[in-house]
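Below are the chains, spelled out letter by letter.
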Amino acid sequence: MSPRRTQILEAAVRVIAAHGVRGLRVEQLAAEAGVSTALIYYHFKDRGGVLRAALEHINHRAQDYTDQALAAAEDPRAQLEHLLLLELQDVDEVRMNSIAWGELRASAVFDPDLRTPLTATTRAWNADVETLLAEAGATAPALAAEHLTALVEGLSERWHTGSIALDRARAILTHAIERELAA
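Since we're looking at a predicted model, the values are computed, not measured.

A. The overall build of the chain, seen in detail. A count of helical and extended segments in the chain gives nine helices and zero strands. Each helix and strand of the chain, placed in order from N terminus to C terminus, yields the pattern α-α-α-α-α-α-α-α-α. A compact globule built from 183 residues would reach a C-alpha radius of gyration of about 16 Å, and the chain, at 17 Å, matches this within 12%. The principal-axis extent of the C-alpha atoms belonging to the chain is close to 55 × 30 × 30 Å. By residue count, 44% of the 183 residues in the chain fall in the buried class. When contacts within the chain are restricted to residue pairs at least 6 apart in sequence, those whose partners lie at least 24 apart make up 64%.

B. Structural detail: the environment of Ile164. For Ile164, the position within the fold is in the loop between α8 (141-160) and α9 (166-182). Judged by its relative accessible area of 14%, Ile164 is buried. In this structure Ile164 touches Leu155, Arg158, Trp159, Ala169 and Ile172, once residues within four positions along its chain are discounted.

C. Main features of the pattern of salt bridges. Taken as a whole and judged by the stated rule, the model has seven salt bridges. Between Asp113 and Arg52 there is a salt bridge, with its nearest N and O atoms 3.8 Å apart. With Asp113 in helix α7 (residues 112-135) and Arg52 in helix α4 (residues 47-72), the pair connects residues that are 61 residues apart, well separated along the chain. On the basis of relative accessible area, Asp113 is assigned to the partly exposed category, the value being 47%. Residue classification places Arg52 among the partly exposed positions, given a relative accessible area of 30%. With a closest N to O distance of 3.1 Å, Arg105 and Glu153 form a salt bridge.

D. Unusual backbone geometry, seen in detail. You will see that Lys45, though not glycine, has its phi angle at about 75°, which is positive. Mapped onto the secondary structure, Lys45 falls in the loop between α3 (37-44) and α4. Using a relative accessible area of 68% as the deciding quantity, one classes Lys45 as exposed.

E. Main features of the layout of surface pockets. Approximately 670 Å³ is the volume found for the largest pocket. As for the largest pocket, its lining consists of 30 residues, of which Asn59, Ala62, Glu87, Trp101 and Trp125 are closest to the centre. Counting residues per element, the ones that place at least two in the lining of the largest pocket are α4, α6 (92-107), α7 and α8. Each residue belonging to the lining of the largest pocket can be placed in one class, and the counts come to 12 nonpolar, 11 polar and seven charged.

F. Fine view of α6. Over its 16 residues, α6 extends 22 Å from the first C-alpha to the last, a length consistent with the 22 Å expected when each residue adds 1.5 Å. Within α6 the residues assigned to the buried category are Val94, Asn97, Ser98, Ala100, Trp101, Gly102, Leu104 and Ser107. Turning to α6, the residues buried within the fold contact α1 (3-19), α4, α7 and α8.

G. Representation of the nonpolar core in the model. Core analysis: the biggest nonpolar cluster contains 28 residues, and Leu29 and Ile40 have the highest contact counts within it. Of all the elements in the fold, those that place two or more residues in this core are α1, α2 (26-33), α3, α4, α6 and α7. In terms of residue count, the dominant contributor to this core is α1 (seven residues). If you look at the next biggest cluster of nonpolar residues, it comprises 23 residues, including Leu84, Val129, Val152 and Leu166.

Criteria and cut-off values
- Numbers given for residues are sequential positions, taken from 1 along each chain in its written order.
- Only residues with pLDDT of at least 70 are given local features in this predicted model, and only at 80 or more are side-chain atom pairs given and counted; all residues enter the totals for whole chains, interfaces and linings.
- With hydrogens and water set aside, each side-chain value is computed from the structure's full complement of heavy atoms.
- Going along the chain from the N terminus, every DSSP run of H or I of four or more residues is numbered as a helix, and every run of E of two or more is numbered as a strand.
- Here the radius of gyration uses the C-alpha set of atoms, whereas the globule reference equals 2.2 Å times the residue count to the power 0.38.
- Only protein chains enter the area calculation, which uses a 1.4 Å probe; residues under 20% of their type maximum are buried, those over 50% are exposed, and those in between are partly exposed.
- It only takes one pair of heavy atoms within 4.5 Å for two residues to be counted as in contact.
- Each salt bridge in this description consists of a side-chain nitrogen of Lys or Arg and a carboxyl oxygen of Asp or Glu lying within 4 Å of one another.
- Cavities and pockets are found on a 1 Å grid laid over the protein atoms alone: a cavity is a set of points where a 1.4 Å probe fits but cannot escape, a pocket is an open set with protein on both sides within 12 Å along at least five of seven lines, and a lining residue has an atom within 4 Å of such a point.
- Grid points are joined across faces, edges and corners, and a volume is the space filled by probe spheres set on the points.
- Amino acid classes used here: Ala, Val, Leu, Ile, Met, Phe, Trp, Tyr, Cys and Pro are nonpolar; Asp, Glu, Lys and Arg are charged; the rest, including Gly, are polar.
- Multiply 1.5 Å by the residue count of a helix minus one, and that product is the helix's expected span.
- What makes a nonpolar core is a set of buried Ala, Val, Leu, Ile, Met, Phe, Trp, Tyr and Cys residues whose side-chain atoms join them at distances within 4.5 Å.

Right, dumping it as structure tokens:
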């Protein structure tokens, strides 16, 4: 990926995290990225192209920090807990990723072009979690994976809206992981 394209996508994530998908205007994005609107159109064709590319960019960023974490833990249970709790940490990149992800997911209700990449990403995340759950001995890993990934998304939204404290969200998630593996 070209440095300019990356620069624009980083700016898109910041704008989406700060103002929502509805608040993303190409002119505002250009200003945030320090580039011309023509360059944005050159790289992404239109606003929808920016949104789809931003979703992919968020996924790559998340993959980077989760891959590093998975390499740090040895047993599947510890990897699972670490993988899921990484989504609930008060770090700028993770927080912006999470907010932008939630915004893009909500926008997919109204934007069919976002549904396919969002569905693919969700399936891949569920598959990773399902694999770890199976390796850790869960009795219904596919259902447990859906449960836990949906819980992470919901807890993340509650945390970002101030409905729940981060420590409480992490405790709820840890408890749910224990319950899924105790069955």
